[in-house]
Amino acid sequence: MSGLFITMEGTDGSGKSTQLNLLSQYLEKKGFNIVFVREPGGTKIGEKIRDIILDINNKKMDYMTEAFLYASSRSQLVNEIIAPELKKGSIVICDRFVDSSIVYQGIARNIGIDVVKKINNIATGGLTPDITFFLDLSPQEAIKRKIQQKELDRLESEKDYFYKKVYDGYKLLISQNSERIKVIDATQSIENIHKNIVNYIESIFF
Ligand code: ADP
Ligand code: TYD
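The notes below deal with the structure included here.

Rules and cut-offs
- Residues numbered from 1 in each chain as written.
- Chains lettered and ligands numbered in written order.
- Predicted model: local features only at pLDDT ≥ 70, side-chain atom pairs only at ≥ 80, totals over all residues.
- Heavy atoms only, no water.
- Helix = DSSP H or I, 4+ residues; strand = E, 2+ residues; numbered from the N terminus.
- Rg over C-alpha atoms; globule rule 2.2 N^0.38 Å.
- Buried < 20%, exposed > 50% of the residue type's maximum accessible area, 1.4 Å probe, protein only.
- Contact = heavy atoms within 4.5 Å.
- Pairing = 2+ DSSP bridges.
- Axes fitted to C-alpha atoms, helices over the stretch in contact; angles between N-to-C directions.
- 1 Å grid on protein atoms, 1.4 Å probe; cavity = no way out; pocket = protein on both sides within 12 Å on 5 of 7 lines; lining within 4 Å.
- Points joined across faces, edges and corners; volume = space filled by probe spheres on them.
- Nonpolar A, V, L, I, M, F, W, Y, C, P; charged D, E, K, R; others polar.
- Near = heavy atom within 4 Å.
- Polar contact = N/O pair within 3.5 Å; in protein donor to acceptor, adjacent residues only side chain to side chain.
- Areas by Shrake-Rupley, 256 points an atom, 1.4 Å probe, with all protein chains shown as cover.

1. Here's the deal with the overall build of the chain
- When helices and strands are tallied, the chain shows eight helices and five strands.
- Going from N to C terminus, the chain has its helices and strands arranged as β-α-β-α-α-β-α-α-β-α-α-β-α.
- In summary, the chain has a C-alpha radius of gyration of 16 Å against a globular reference of 17 Å for 206 residues, a match within 12%.
- Reported as C-alpha extents along the three principal axes, the dimensions of the chain are approximately 45 × 35 × 30 Å.
- By the burial criterion, 50% of the 206 residues in the chain qualify as buried.
- Relative to all contacts within the chain whose residues are 6 or more apart in sequence, the contacts with residues 24 or more apart total 80%.

2. Structural notes on the sheet that holds strand β4 (residues 131-136)
- With parallel pairing, the five strands of this open sheet are ordered in space as β2-β3-β1-β4-β5. Both outer strands of the open sheet, β2 (34-38) and β5 (181-185), are each paired with one neighbouring strand and no more. Across the sheet, the axes of successive neighbouring strands diverge by a mean angle of 20 degrees, strand direction being ignored.
- Pairing between β4 and β5: five bridges, direction parallel. Among the inter-strand pairings, F134 is bridged to a residue of β5, identified as V183.

3. Remarks on the layout of surface pockets
- Approximately 270 Å³ is the volume found for the second largest pocket.
- Residue lining of the second largest pocket: 16 residues in total, with V98, D99, I102, L127 and T128 positioned closest to the centre.
- Its residues assigned to classes, the lining of the second largest pocket comprises six nonpolar, seven polar and three charged.

4. Structural notes on the pairing of strand β1 (residues 4-9)
- A large share of β1 lies buried, amounting to six of its six residues.
- Where burial is concerned, the two faces of β1 agree: the one with L4, I6 and M8 and the one with F5, T7 and E9 are both buried.
- Both β1 and strand β3 (residues 91-95) contribute to a ladder of five bridges, which runs parallel. Looking across to β3, one finds that T7 is bridged to C94.

5. Regarding the site of ligand 1
- The environment of ligand 1 is formed by 13 residues, the closest being G13, K16, S17, T18 and K146.
- Contact between ligand 1 and T18: an oxygen atom at 2.5 Å from a side-chain N or O atom of the residue.
- Elements that contribute at least two residues to the shell around ligand 1 include exactly α1 (16-29), α6 (139-149) and α8 (190-205).
- A breakdown of the residues in the shell around ligand 1 according to their chemical character gives two nonpolar, eight polar and three charged.

6. A closer look at the site of ligand 2
- Near ligand 2 lie 15 residues; those nearest to it are D12, K16, R96, S101 and Q105.
- A distance of 3.2 Å separates an oxygen atom of ligand 2 from a polar side-chain atom of R50.
- Between S101 and ligand 2, the recorded distance is 2.5 Å, taken from a side-chain N or O atom to an oxygen atom.
- Here ligand 2 loses 95% of its free accessible area of 550 Å² to cover by the protein chains.
- Secondary structure elements with two or more residues in the shell around ligand 2: α3 (63-88) and α4 (98-108).
- It is α4 that provides the largest number of residues to the shell around ligand 2, a total of four residues.
- Looking at the shell around ligand 2 residue by residue, the classes come out as four nonpolar, three polar and eight charged.

Given below as structure tokens:
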């Protein structure tokens, strides 16, 4: 594949959507062909799966069911959009990817990192991002921002200790993938974070 695959990770409310919008606009202005997708969802079928996953009424959802639903949405996204676009040479920017499943399902839900990796290897054919940004913001700060923004969905209404596990899970994942995952201090202003991300991408790829 000849394009560039960029993903953004972080706890809920850490600023991923904000930064990805800015990054897409920036790269588009530079003349690149940009495809911006989000997880779970990103395709018509995936958005339906997203609705099931995030439905506040689905409190009884089994954790393994949840992991498979994320992987199903991802499989559709990879096969319908990401892989064909990378083949064409586009820059694909994705809000969350397999790392989210490793951390949320594998570590925080405790179904195991290896199980999650296996399911997702099948779902994605082993596709790995070229670069992943982790927006580093404590879960307490992140959820404060989120509450100001909107009503919380099923996952966002998890207890504090769940988000602590997510955050610690990311730290573990980063220590194992330090080449691929670039940590960005997300306590800074929106403009400064954007500059850091752009500088990093340009220093590596352009
Ligand atoms: P995510 O996609 O990670 O859930 P969002 O981009 O939706 O996060 O941001 C969550 C909220 O925090 C939004 O209201 C957004 O405007 C605000 N926000 C994003 N980045 C910053 C920042 N650097 N400083 C302060 N508020 C921010
Ligand atoms: P979303 O609103 O897209 O995330 P955010 O609040 O970060 O903008 O909701 C996605 C939720 O799904 C979020 O709580 C993280 C969770 N998630 C997983 O648990 N596993 C996954 O594989 C993915 C992609 C997301």
